[in-house]
Amino acid sequence: MSIKNIKFRLLDCTLRDGGYYNNWNFTKPFIQDYINKVHSTGIRYVELGFRFNEDNQKRGLTAYTNKNLIQSLNIPKNLNIGIMVNVGDLFENDKFKNKNLEKLVNKNNTKKIKFIRLACHHNEIFYLKKSIKYLRSLNLKVFVNIMQITELDYKKFKKILIFLKKNKISIIYLADSLGCLKPPQFKKIISFLKKNWQGEIGIHAHNNLNLALKNSKIALQNNFQWIDSTITGMGRGPGNLKTEDIIKFTTNYKSTKEFKKIENSFCKLQKFYNWGPNKYYRFAAVNKIHPSYIQKILADRRYKLSDYSKILKSLAKTNTKKYNPYKLINSANFISSKINKKWSPKSILKDKNILILGPGKNLKVNIKKIEKQIIKQNLYVISLNTFYSINEKLIKLRAICHPFRITSDSTKLRKFNCKFVIPISSFSKSLRNSINLKNKNIYDYGVLIKGVSSVLVRDKYCIIPNPLAIGYALSLVISGKAKSVKLAGFDGYEKSDPDYDNTEELLKIFIKKYFKNKLISLTKTKFNFLNYRSING
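In short, a report on the structure.

## Here we look at the overall build of the protein
For the protein, the count of helices and strands is 23 helices and 21 strands. With the principal axes as the frame, the protein shows a C-alpha extent of 75 × 45 × 40 Å. The buried share among the 537 residues of the protein stands at 58%. Pairs at least 24 apart in sequence give 72% of the contacts found in the protein among residues at least 6 apart.

Below is the structure:
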């Protein structure tokens, strides 16, 4: 059956889903140009972005899609603009708070907005009774986006549909969040829906297995009224159904000269960020790993191609259907209930003048100057992880705490002559056995990953928000009662880097709590809260 003359509504969500690659860092002129050119195709529904909480703005415009942005745009009269809210963001201390939705979406900030999509995990849907009623009172069309549709058993699915029908939801979206939806399973889901749902249905197809287009065609052949797409497929992980692909198969929409221009703009972005299906996303789909894990690993400059298979195999051994890296690290590789207190850094760091080396390019261009400073000031050098920078003879200690880093670098660690500090006792037994570093001279300083915005440093262990080596190294220095500490090679990140705020946030916490807002960098940095002191100064 052809889909050429089938009537359906194409919803383009490029600036919302695509933001997972550039941190939603689209400029106003670009957003306006996108709106105009997408509208030229006949598309009448555009999901402009997320509505995240703006209390701590570290993302670009379409992460918040706020009142000021929307009011500044010239939106064609027949174009419906919408936003998405993650229902998981509305919880506080595991309790659902409708007031959090009311802060994000209200009469004052919904002018020009026609619809809202609520992205929900299965159990979150049953909290939405009050929220749905509230959003309808704002004259918004409400979509419920059911994530990870492949993992939903039919008994629970039926309860969800009954609940949504009672609460007068007329449109549901099926999101193939893990990208593992295959046509045979999809057809079974469709058969179930035909018996249990009378409202409209849409599909948000991910492209892990290169099946986004095929699954979308199947949806249309089975009377789905809504199809999601993004230009060049830009979206989390491998991306989505491509807008330019689906419009080739229908008379409802057309690829205009104007649209080709904006498509070319996104092609340039794709060359830089490199989204799209590959063997790693296929592995993720087969093993039910959330695609965000793969995206983060591929974008992380600390890992090399040879590291990927080890990390992916580690991910496949635990439940990674929902993206939560800190929960993963604790449950799979750390002992989260207790810490074995093995070693105190005071034994080697007390009263030392410390220099911590990061992987930034500004360290590499100043190697000779840094080395002279180390010798002149008798600095005790702690290097993060296993990157090569200065003369190895000058490095006294290497600090590593990320379990994936330990796994991927276990062979490389044996080649260094310096001492290491690694939270061996904090790792699970399986990880300790797999890295096999018994013959290395390793100091065992404990760590616990909490995933919250606070740190705690004790004599033989620390509690930090994430397993970044800089947090671990600073904890060592504090615990070790060092005389002073300086940094080099912490260049900072551009705002368009989705990971830019992790190191920044961690450094700010340490500086405020332990360094009285004073921490010196010997190399240039984009972290303006660090005190840059030129090596020549």
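Here the narrative resumes.
## Quick look at the packing of helix α9 (residues 183-196) against helix α10 (residues 212-221)
The geometry of α9 relative to α10 is characterised by a closest axis approach of 11 Å and an angle of 25° between their N-to-C directions. Compared by their axis directions, α9 and α10 come out roughly parallel. For the pair α9 and α10, the crossing hand works out as right-handed. Mapping the contact onto sequence places P183, F186, K187 and I190 in α9 and K214, N215, I218 and A219 in α10. Classifying every residue of the contact of α9 with α10 gives five nonpolar, one polar and two charged.

## Side note on the pairing of strand β1 (residues 9-12)
Two faces belong to every sheet, and in a regular strand the side chains alternate between them. Looking at chain direction, β1 and strand β10 (residues 226-229) are connected through four bridges and run parallel. Residue R9 lies in a different strand from β10, and its bridge partner there is W226. Where β1 lies against strand β2 (residues 45-50), two bridges are found, and the strand directions are parallel. Residue L11 lies in a different strand from β2, and its bridge partner there is Y45.

## So, the side chain of H39
Structurally, the position occupied by H39 is in helix α3 (residues 28-39). Apart from the residues lying within four places of it in its own chain, the contact partners of H39 are R44, P76, N78 and L79.

## Looking at the environment of I348
Following the sequence through the fold, I348 ends up in helix α17 (residues 346-349). Taking the relative accessible area as the measure of exposure, I348 reaches 16% and is therefore buried. When the C-alpha atoms of I348 and G480 are compared, they prove to be 7.4 Å apart, with 132 residues separating the residues in sequence. Apart from the residues lying within four places of it in its own chain, the contact partners of I348 are W343, Y380, L397 and Y443.

## Points about the side chain of N98
Tracing the backbone shows N98 in helix α6 (residues 98-104). Sequence-distant contacts of N98, defined by excluding residues within four places in its chain, comprise K130, S131 and Y134.

## So, the sheet that holds strand β14 (residues 419-421)
Spatially, eight strands are ordered β15-β14-β13-β12-β11-β19-β20-β21 in an open sheet, and the strand pairing comes out parallel. Since the sheet does not close on itself, it has two edges, and those belong to β15 (442-443) and β21 (531-532), each with one partner. Contacts from helix α19 (residues 367-377) reach β11 (353-357), β12 (380-384) and β19 (484-488), with the element oriented near 160° to β11.

## Observations regarding the state of the cysteines
All chains considered together, the criterion is met by zero disulfides. There is no disulfide at C120, and the cysteine sulfur nearest it, in C13, is 16 Å away. Sulfur of C267: no disulfide; nearest cysteine sulfur belongs to C13 and is 17 Å away.

About the cut-offs
- Residues numbered from 1 in each chain as written.
- Predicted model: local features only at pLDDT ≥ 70, side-chain atom pairs only at ≥ 80, totals over all residues.
- Heavy atoms only, no water.
- Helix = DSSP H or I, 4+ residues; strand = E, 2+ residues; numbered from the N terminus.
- Buried < 20%, exposed > 50% of the residue type's maximum accessible area, 1.4 Å probe, protein only.
- Contact = heavy atoms within 4.5 Å.
- Axes fitted to C-alpha atoms, helices over the stretch in contact; angles between N-to-C directions.
- Parallel < 35°, antiparallel > 145°, perpendicular 65-115°, else oblique.
- Left-handed = near helix turned anticlockwise from the far one by under 90°.
- Nonpolar A, V, L, I, M, F, W, Y, C, P; charged D, E, K, R; others polar.
- Pairing = 2+ DSSP bridges.
- Disulfide = S-S within 2.5 Å.

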